[in-house]
Amino acid sequence: MIFRRNLSLRWKIPLRVMAAVLGTAITVTVALVVWEYDEMRQNLEGHAKSLGRVLANTLVAPVLHDDIWRAYEILQSARETYPAAPELQAEVVLITDADYKVFVSTKPREFPIGSNPATRGGAYAQLRTGLVSGDAMAQRVLEPADSPVYFVMSPLVADGVALGHVILGYSKVSFVPRFVGLVKRAALVTVLVLLIIAPISWVWASRTGEPLLRLAEAMRRVPGELEESRLTDLPNSGDEIGQLAAAYQRMVSELKNKQELERQMLVSERLAAVGRLTAGIAHEINNPLGGMLTAINTYQRHGSGNDPLALSTLSLLERGLTQIRHTVGALLVESKAKDRPFASEDVDDLLILAESEAHGRGIGVVVESNLDGSLPLPATLMRQILLNLLLNALAAAEEGGGVRLVVESAEKQLHLAVTNDGDYIPQERMDTLFEPFATTSERGNGLGLWIVYQIVQQLGGEIEVESLPGCTTFKVEIPYGNTV
Amino acid sequence: MSFLGKWRAWLEQKLGRTVVFVQRGNYREIIDLLRSGKIDFAWLCGYPYIRHRHEFRLVVVPLWRNQPLYQSYLIVPADDKRTKTIADLRGKVFAYSDPDSNSGYLYPQYALTMLGEKPSIFFSRTFFTGAHRKVVEAVGVGLADGGAVDGYVWDTLAEVRPDLTAATRIIDRSPLLGYPPFVARSDIPAKELDHFRQVLLGMADDPLGSELLGRLRLDGFVTGRPGLFDGIAQMAAKVGRK
């Protein structure tokens, strides 16, 4: 049972088709055999009755003249075989006299003249009972129970007096060869049909089952190998299987979107937390730092002593504190209230900066800009963004490779895209890419992208990265006009 | 052409006149036709000839195995191994060929009479087949437990249809008796009788005639004399029919 349920469609469909063909063949054969039996019985009865009538009429004269030989000859001629319908041939023909003694029979050795058929017992004993009980003048069919023979009896009547009976005995066994022939023919046809149907249903099963099998295989990969599952070649048809595949594809891509979204949310939440933390720390550090630097400055200008040791110590402290202030300042990006608007010249300036860097490693820099005039965006911050991205791209690009910068402004959106042809960023780095000090670069302080991210956030824009082998692109979108 | 057709053509050629064969199912009808002058000649059994010897004239007697004699055979089914003589057939079914036949009726009647039996009640049932060959068939299939048959017919049948005779067994052969003769009506002109007789007597020497005789398994004809049938006459006298 379990085995049958778990069997692959590849087998199930052909087996079911075969079973259907077989079932139909058996039903039709049984119906045919039953029908044939009825038909044969009716034919036989009709034939036997008319033969019985003819014999009864013909035999009246020989019986009246006690002409046994003539009667025997007539019976012999009536027993001619019909090759097409052997069952129509009577097994035995008896002529009995009024006392139910054999007048003559087609089997003289079994039914000698003058003998009583009832002495043979079985069906013949019951025959006598039947003869006595019924209407002596009517033709009758007698089928003794449990007998392989049944009888059609016709009275021999002369001048209204019953001289005896003509009894035709038919074997039921003679039906068997006919049935066997019928069943054999049916079996042959069934086998032929099965031989034709088998490969057809196999192909049919493959066609029906194959897409389902692929779908099942694809589903088995969820959720572990979502991407592979999504990329599986699924049936693309309008039927139910096709619809199922389409629905499955939708489900997988939505699942993937959801996963992506969750990941992004996680990254941005973490970045926001890091941002809040750094801002808090920066403020806490900046307040005393300002006081300390002011104190050192005051002492240097108005201090009483000219103790060289004290001066050099203070100078050391001042340099250290200034470095702390720069670092903290870098962590904490703050837009200046007053800044000039971002203009196309800014892009040109940055290009000059970048080219001096690129020149050393033979990297080509391409700029596509549709910027014309200025945009209401803070120039300093925008330059910071572009500079950081360009420097990163140059650092990542292959020796002799290329970097591409696209600047487009459209519909109150500024699109920036910086592309390099260097190694791509592996997936595991993506999640922490924008976090401070997350870099693995030997140069730089690990704050470049963090600063870019902070600025973009402050300007209400978005940043995303696409990294494929040989093509890594940072895309930035910043709205303008509504904000600053 | 059938045998009778050939024989008829041969006779017509030899006799220089039209010949018509008339066949009937039993001797009685032939005898009636001969007596009423509707036919001229007949091939009859010795028994009816004896009974009407004063009305008919003997033409020729066929020669079988070079003798104008033959026997009656009493036969039983081949699977009946027990019956030795006709006496063992008491109460059985017996097949005769024709009530006017010597070999097929008179001889068994005679044989029973000689045993002191009454032929009419000795058997439980008797029937006539109308032909010797059919007696062989009736006995062979077991329809009759015994039968009386012309020995010439049985022996001939043993050659052409051995399957029929093999189903029977001979239990008794009669003494040699006069072979069924050719007879003529009593008022036949002497010239015609003689012409016919000469034609038949010369048949064995004629190429086509001897071929026809071969088909009949006969060797020829002799003039014969009525005394040849005395044996039959004696049996008829014993049985009590004249």
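Residues numbered from 1 in each chain as written. Chains lettered and ligands numbered in written order. Predicted model: local features only at pLDDT ≥ 70, side-chain atom pairs only at ≥ 80, totals over all residues. Heavy atoms only, no water.

Peer 1: Is there a simple way to explain the domain arrangement of chain B in this structure?
Peer 2: For an interface, size is often stated in terms of accessible area lost upon the parts coming together. Residues and elements named next belong to chain B. What the domain assignment lists for chain B is domain 1 (3–68 + 178–239) and domain 2 (72–174). Taking only C-alpha atoms into account, the centre of domain 1 sits 25 Å from that of domain 2. Taken together, the contact pairs 19 residues of domain 1 with 18 residues of domain 2. When domain 1 packs against domain 2, the two sides together hide about 1,700 Å² of surface, and 62% of this comes from carbon and sulfur. Considering only the side of domain 1, the residues that lose the most area to domain 2 are Arg-217, Met-235 and Val-239, jointly responsible for 33% of the buried surface there. The interface formed by domain 1 and domain 2 includes four salt bridges. In this structure, Arg-51 and Asp-100 form a salt bridge, with 2.7 Å as the shortest nitrogen-oxygen distance. Counting only elements with at least two residues in the side of domain 1 that touches domain 2, the list comes to α2 (27–35), α3 (46–51) and α11 (230–239). (Domains from an automatic or database assignment. Contact = heavy atoms within 4.5 Å. Buried area = accessible area lost by both parts, 1.4 Å probe. Salt bridge = Lys/Arg side-chain N within 4 Å of Asp/Glu carboxyl O. Helix = DSSP H or I, 4+ residues; strand = E, 2+ residues; numbered from the N terminus.)

Peer 1: I'm lost on the interface of chain B and chain A in this one. Help?
Peer 2: Facing the 15 residues of chain B at the interface are 12 residues of chain A. At the boundary of chain B with chain A, total buried surface from both sides reaches about 1,200 Å², with 59% on carbon and sulfur atoms. It is Arg-125, Val-141 and Leu-143 of chain B in chain B that bury the most area against chain A; as a group they hold 49% of the surface buried on that side. Two residues, Arg-125 of chain B and Asp-66 of chain A, come together in a salt bridge whose shortest N-O distance is 2.7 Å. On the surface where chain B and chain A come into contact, there are four residue pairs in polar contact (both at pLDDT 80 or more). At the level of secondary structure, the elements contributing two or more residues to the side of chain B that touches chain A comprise β6 (125–128) and α6 (132–140) of chain B. For the side of chain B that touches chain A, the leading source of residues is α6 of chain B, giving five residues. (Polar contact = N/O pair within 3.5 Å; in protein donor to acceptor, adjacent residues only side chain to side chain.)

Peer 1: Quick question: what am I supposed to make of the sheet that holds strand β1 (residues 41–43) of chain B here?
Peer 2: In any sheet, the strands associate via hydrogen bonds between backbone groups, in a parallel or an antiparallel arrangement. Residue and element names in this part refer to chain B. The strand order across the open sheet built from four strands is β1-β10-β2-β11, with neighbouring strands paired in antiparallel fashion. Edge positions in the sheet fall to β1 and β11 (220–222), since each of these pairs with one other strand and no more. Between one strand and the next, the sheet's axes are offset by a mean angle of 30°, whatever the strand orientation. Relative to β11, strand β2 (residues 56–63) is paired through three bridges, and the arrangement is antiparallel. If you follow Val-61 over to β11, its bridge partner there is Val-222. (Pairing = 2+ DSSP bridges. Axes fitted to C-alpha atoms, helices over the stretch in contact; angles between N-to-C directions.)

Peer 1: What exactly am I supposed to notice about the pattern of salt bridges here?
Peer 2: Pairing between side chains of opposite charge can happen when their charged atoms approach one another. Residues and elements named next belong to chain A. Summed over all chains, the structure comprises 29 salt bridges over all chains. Residue Glu-262 is joined to Lys-258 by a salt bridge in which the shortest nitrogen-to-oxygen separation is 3.4 Å. On the criterion of helical spacing, the pair formed by Glu-262 and Lys-258 is a turn pair, its members being four residues apart in helix α7 (residues 240–302). With a shortest N-O distance of 2.8 Å, Asp-346 and Arg-383 are connected by a salt bridge.

Peer 1: How should I be thinking about the packing of aromatic side chains in this particular structure?
Peer 2: Two measures describe an aromatic ring pair: the distance that separates the ring centres and the angle between the ring planes. All names here are of chain B. Summed over all chains, the structure comprises 25 aromatic pairs over all chains. Aromatic side chains Trp-7 and Phe-21 sit 5.6 Å apart centroid to centroid with 40° between the ring planes, which places their arrangement in the tilted category. Of the two residues, Trp-7 sits in helix α1 (residues 3–15) while Phe-21 sits in the loop between α1 and α2, which places them 14 residues apart along the sequence. Classification of Trp-7 by relative accessible area gives buried; the value is 4%. Pairing Phe-122 with Phe-123 gives two aromatic rings, centres 5.0 Å apart and planes at 80°, and the pair type is edge-to-face. Three or more aromatic residues joined by ring pairs form one cluster here, namely Phe-3, Trp-7, Phe-21, Trp-43, Phe-182 and Phe-221. One residue, Arg-51, lies across the ring of Tyr-47, its end atom 4.9 Å from the ring centre. Cation over ring: Arg-173 sits above Tyr-73, and NZ or CZ is 4.8 Å from the ring centre. (Phe/Tyr/Trp six-rings, centres within 6.5 Å; stacked < 30°, edge-to-face > 60°. Buried < 20%, exposed > 50% of the residue type's maximum accessible area, 1.4 Å probe, protein only. Lys NZ or Arg CZ within 6 Å of the ring centre and 35° of its normal.)

Peer 1: I keep staring at the side chain of Ser-154 of chain A and nothing clicks. Help me out?
Peer 2: All names here are of chain A. Topologically, Ser-154 is positioned in strand β4 (residues 149–158). A distance of 2.9 Å separates polar atoms of two side chains, one belonging to Ser-154 and the other to Gln-139. Residues in contact with Ser-154, not counting those within four places in the same chain, are Gly-52, Arg-53, Ala-56, Gln-139, Gly-164, His-165 and Val-166.

Peer 1: Mind showing me how you'd approach the domain arrangement of chain A here?
Peer 2: The domain architecture assigned to chain A consists of domain 1 (2–178), domain 2 (231–285) and domain 3 (335–479). Here domain 1 of chain A and domain 2 of chain A have C-alpha centroids that lie 87 Å from each other.

Peer 1: How should α7 of chain A be read in this particular structure?
Peer 2: For an α-helix, the turn length of 3.6 residues means that residues three or four places apart are oriented alike. The terminal C-alpha atoms of α7 of chain A lie 90 Å apart, and with 63 residues this matches the ideal 93 Å at 1.5 Å per residue to within 8%. Structurally, the start of α7 of chain A carries an N-cap: the backbone nitrogen of Gly-242 of chain A is 2.9 Å from a side-chain oxygen of Asp-239 of chain A. (Expected span 1.5 Å × (residues − 1).)

Peer 1: Which parts of the structure should I look at to understand the confidence of the model for chain A?
Peer 2: Caution is warranted with low-pLDDT regions, since their predicted coordinates should not be read in detail. This prediction gives chain A a mean pLDDT of 82; 94% of its residues lie at or above 70. Taking the mean pLDDT of every element in chain A, the minimum, 68, falls on helix α6 (residues 226–231) of chain A and the maximum, 90, on strand β2 (residues 102–105) of chain A. (pLDDT = per-residue confidence, 0-100.)

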